[in-house]
Amino acid sequence: MDILKQMAEAVIAGDAEHCVSLAKQAMENNLDPVEVIQQGFSKGMDTVGGKFESGEMFLPEMMQAAEAMKGGVAVLKPAIESTGSGSLTEFGKAVLATIQGDMHDIGKNIVKLLLSTSGFEIIDLGKDVKVAVIIDKAEEIHADVIGVSALMTTTMGYMPELIQELQELGIKEELPVMVGGAPVTEEWAKEIGADGYAKDAVGAVRTAKGLAKK
Amino acid sequence: MVTFWEVLERCGKGQRMQESDYDALLYKSVSKLIEKYDIKFDPGQIVPDDDSLADRAYEAAVELFEQVGFYCLDTKRVVRFSRSEIEERVALAPDTYTWGEGKDRGVTYSRKVEDLRDPSFVASGLGVPVPQDMFVKVCQAIASVPLADAFCGVSLQDTFRGIPIRAGHPVEVAAAIWDVSKRREAARLAGRPGLGLYAMISCAESTAAIIAAAREQFGALPADVTQNGAIAELKVDFARMNKVPWQTESGAGIAGLYGPLMGGYAGGPEGTMLTQIAHFFLGLFAFNADYHIPFPIDLHQVCNSTSPMLWLVSVYSQALARNTHLLNESVSMAAAGPATRMLFYELAAHAVTATVSGANLVAAGIARDKYPERVSTLEIQTASEVGHIVARMGMTRKEANPLVKALLSKYEKDVPDAPLGKKFSEIYDMEKVTPLPEYLKLYESIREELAKLGLNYSLL
Ligand code: B12
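This structure is a prediction, so every number in the text was calculated from the model and none was measured.

Draft legend 1. Inspection of the domain arrangement of chain A at higher detail. All names here are of chain A. By the assigned domains, chain A splits into domain 1 (3-83) and domain 2 (93-213). Each of domain 1 and domain 2 has a C-alpha centre, and these two points are 26 Å apart. Taken together, the contact between domain 1 and domain 2 spans 11 residues of the former and nine residues of the latter. Both faces considered, domain 1 and domain 2 share a buried interface measuring about 800 Å² in area, 79% of it formed by carbon and sulfur atoms. Taken together, the links from domain 1 to domain 2 amount to zero salt bridges. Inspection of the region where domain 1 meets domain 2 yields one residue pair in polar contact (both at pLDDT 80 or more).

Draft legend 2. Fine view of the environment of Ile297(B). Residue and element names in this part refer to chain B. Assignment of secondary structure puts Ile297 in strand β18 (residues 297-298). Judged by relative accessible area, Ile297 falls into the buried class, the value being 8%. Here the alpha-carbon distance between Ile297 and Ala406, two residues 109 residues apart in the chain, equals 21 Å. Non-local contacts of Ile297, meaning those with residues more than four positions away in its chain, are made with Pro260, Leu261, Met262, Val302, Cys303, Met309 and Met333.

Draft legend 3. Main features of the layout of surface pockets. As a volume, the second largest pocket reaches approximately 1,200 Å³. Along the walls of the second largest pocket sit 45 residues, with Lys112(A), Leu113(A), Leu114(A), Ser116(A) and Thr117(A) positioned nearest its centre. Residue assignment for the lining of the second largest pocket shows that the elements contributing at least two residues are α3 (33-53), α4 (59-83), α5 (106-116), β2 (121-124) and α10 (201-213) of chain A together with α2 (19-36) of chain B. Among the elements that make up the lining of the second largest pocket, the one with the highest residue count is α3(A) (nine residues). A per-class count over the lining of the second largest pocket returns 17 nonpolar, 13 polar and 15 charged. For the lining of the second largest pocket, the two domains that each supply at least three residues are domain 1 (3-83) and domain 2 (93-213) of chain A.

Draft legend 4. Highlighting the packing of helix α13 (residues 378-392) of chain B against helix α16 (residues 437-452) of chain B. Residues and elements named next belong to chain B. In contact at an axis separation of 10 Å, α13 and α16 are set at 25 degrees when each is read in the N-to-C sense. Regarding the angle of α13 to α16, the classification is roughly parallel. Where α13 crosses over α16, the handedness of that crossing is right-handed. For the pair α13 and α16, the contacting residues are Leu378, Glu379, Gln381, Thr382, Glu385 and Val386 in the first and Tyr439, Leu440, Tyr443, Arg447 and Leu450 in the second. Here the contact of α13 with α16 is built from residues that sort into six nonpolar, two polar and three charged.

Draft legend 5. Just the coordination of the cobalt atom of the ligand, in detail. Coordination of the cobalt atom of the ligand by the protein involves just one donor, His104(A) (NE2), at a distance of 2.2 Å. By the secondary structure assignment, His104(A) is in the loop between β1 (93-98) and α5.

Draft legend 6. Expanded view of the nonpolar core. Counting 217 residues, the largest nonpolar core has Ile39(B), Phe70(B), Tyr198(B), Met273(B), Leu274(B), Ile277(B) and Leu282(B) as its most contacted members. In this view, Leu274(B) contacts Leu33(B), Ile34(B), Ile39(B), Ala57(B), Ala60(B), Ala61(B) and Leu64(B); residues no more than four positions away in its chain are not counted. Counting residues in hydrophobic clusters, the runner-up holds 30 residues, among them Val95(A), Ile163(A), Ile171(A) and Val179(A).

The rules behind these values
- Residues numbered from 1 in each chain as written.
- Chains lettered and ligands numbered in written order.
- Predicted model: local features only at pLDDT ≥ 70, side-chain atom pairs only at ≥ 80, totals over all residues.
- Heavy atoms only, no water.
- Domains from an automatic or database assignment.
- Contact = heavy atoms within 4.5 Å.
- Buried area = accessible area lost by both parts, 1.4 Å probe.
- Salt bridge = Lys/Arg side-chain N within 4 Å of Asp/Glu carboxyl O.
- Polar contact = N/O pair within 3.5 Å; in protein donor to acceptor, adjacent residues only side chain to side chain.
- Helix = DSSP H or I, 4+ residues; strand = E, 2+ residues; numbered from the N terminus.
- Buried < 20%, exposed > 50% of the residue type's maximum accessible area, 1.4 Å probe, protein only.
- 1 Å grid on protein atoms, 1.4 Å probe; cavity = no way out; pocket = protein on both sides within 12 Å on 5 of 7 lines; lining within 4 Å.
- Points joined across faces, edges and corners; volume = space filled by probe spheres on them.
- Nonpolar A, V, L, I, M, F, W, Y, C, P; charged D, E, K, R; others polar.
- Axes fitted to C-alpha atoms, helices over the stretch in contact; angles between N-to-C directions.
- Parallel < 35°, antiparallel > 145°, perpendicular 65-115°, else oblique.
- Left-handed = near helix turned anticlockwise from the far one by under 90°.
- Donors = N, O, S within 2.8 Å, 3.2 Å for Na, K, Ca; no water.
- Core = buried A, V, L, I, M, F, W, Y, C linked by side-chain atoms within 4.5 Å.

This is the structure in structure tokens:
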């Protein structure tokens, strides 16, 4: 089996040690580290995401896979930085939060997990986060995308508020917002002027990449 | 006994750790314990009749709670209890609770596995959002479910006085007051003015809103219950615990609410089952809970009507019924929407499973519990009837298992694409607040079908 395939398998198995040793092997063989990540580890993580959504894998197993991948990536990091051959976080920074008043964070955490292994640096503000805090943080660090989650009809209402606030501050163009959570629909997201929506975490990665690239 | 005050002190003193480390600790503990106690989901035994499995599950859950306790989000500390503290707290918990007043009073009590006594029954629209102009009618329909011992309405959708209802916003307080008074009005219109509320306010959750609304002046009865939710898995925060002093000193009923997610931090059905039991201990210590409202769900399907979920419901209920007298008000969460055959089957399967396993019944979360106006009553009524019949027939777990499997075979494959069904206004005469003939016919035909499967309706 070629090494890239082995890397993917090691991530799927959540085997951190194997990920590290494969990463070292890749370095010894002078493989391009960015390609190794994209074609090896990330491919494994894609599979994991799919298996999770279909119920074949549980959240802790997905967390373990992500940890394993991070272990391998850490080995490759110095090489990437020294050669300047690309970036580990090619899509930039994503600010994530569950909105004000809302304690439901499992969905947001799943989105975070998949984004963090898909080329994003994540700034997770946690749950029950005030609109102003989200905006301040996103502005401060020049986020490439903001992702907010709401699970209640009584907290969804803070999403349009967030978007209006960004508009009023004149920074809506720079800070694309994607929204999600069970009661949020694609139509509603459009209606309130959100830049993106996804119904699950795998979709969230796609949406976030699209928005960050703009 | 470890008091609430002692618990608060421990919240400031326990082991400090990051939330994500606590999540990892839980999974590690759970994984070891299911192995140590040999607990394994068997798709052939949805309602296992193995007492030793139930007892092992209870033992494992006590050990789990000893190891991981609960996590306090405000102080980032793990709050732990010894085995003897857990045993003592469990022993001192109430074994009955009385809802409502006068002739509409309803009692819930601790049941045993294969108990011949009726399960208590709560008719509920859970949190299904409904617009203001329909609110009273929907609540009235729910309060009219004949076998209900208590009820809970639906949730007020979107706006109040034209202002979006938002958590923590002043309008939440106003909506909560309106909500309570309208539910009481609904009970009156249903001809059951004293019917208790098993969870007082559903559109509001903030302590301010609940304390503001829970007054007799607005229609709340003294025994109406306020609920405190734990945050999955095994987490609490002061924003939820801060109701407790008011609840205890005012005598308000306290319900602990726990919804562990299968596929989430506790892993599969086995680990989530143990975590479900551990949440009962959390409710006693952190909330002073009088009774417990467990609603385990499959993280992806947002329901508990699948085989592994019903197994989980059965085993955790048996474990508690055999080893404690805690009040277990088991919530059924269905994937399908109103007026579909599937919804009837899902609720019937849960009612059979939970009743023979020693639980009481709360029905139901409908259409994955999130679509506006997807709420209905005859399916809930069916769940109550099935629960009563099963108990009165003296059905055993051995007899329940093939029945539940027969029901599962009618719907389980459709869970991922479950039909959304109809809206309340499409199945109800909104003037008379009665089910439309088509909908009644569906209920009748399901009744016949269930009778053919062996349910003796003459016992009702
Ligand atoms: C589990 C659950 C809980 C758990 C939450 C555990 C946790 N740590 O998150 C607990 C028990 C703590 C809980 C508490 C409460 N809950 Co609750 N809960 C649920 C339930 C059953 C499932 C939610 C869930 O976790 N699903 C699984 C995850 C994986 O799915 P998800 O969050 O939708 O996320 C996926 C996608 O939506 C998407 N996604 C999510 N976020 C984002 C963000 C972006 C940017 C993108 C692109 C995508 C995306 O990707 C995720 C992965 O695929 C829902 C019902 C439902 N149908 O949603 C009710 C529900 C949300 N809860 C509800 C209520 C009322 C409450 C309480 C108020 C109950 C109470 N009285 O205490 C409290 C609220 C506390 C608070 N202030 O927030 C109501 C809300 C009603 C309303 N007004 O809208 C619901 C709808 C149930 C109901 N009908 O009553 N709850």
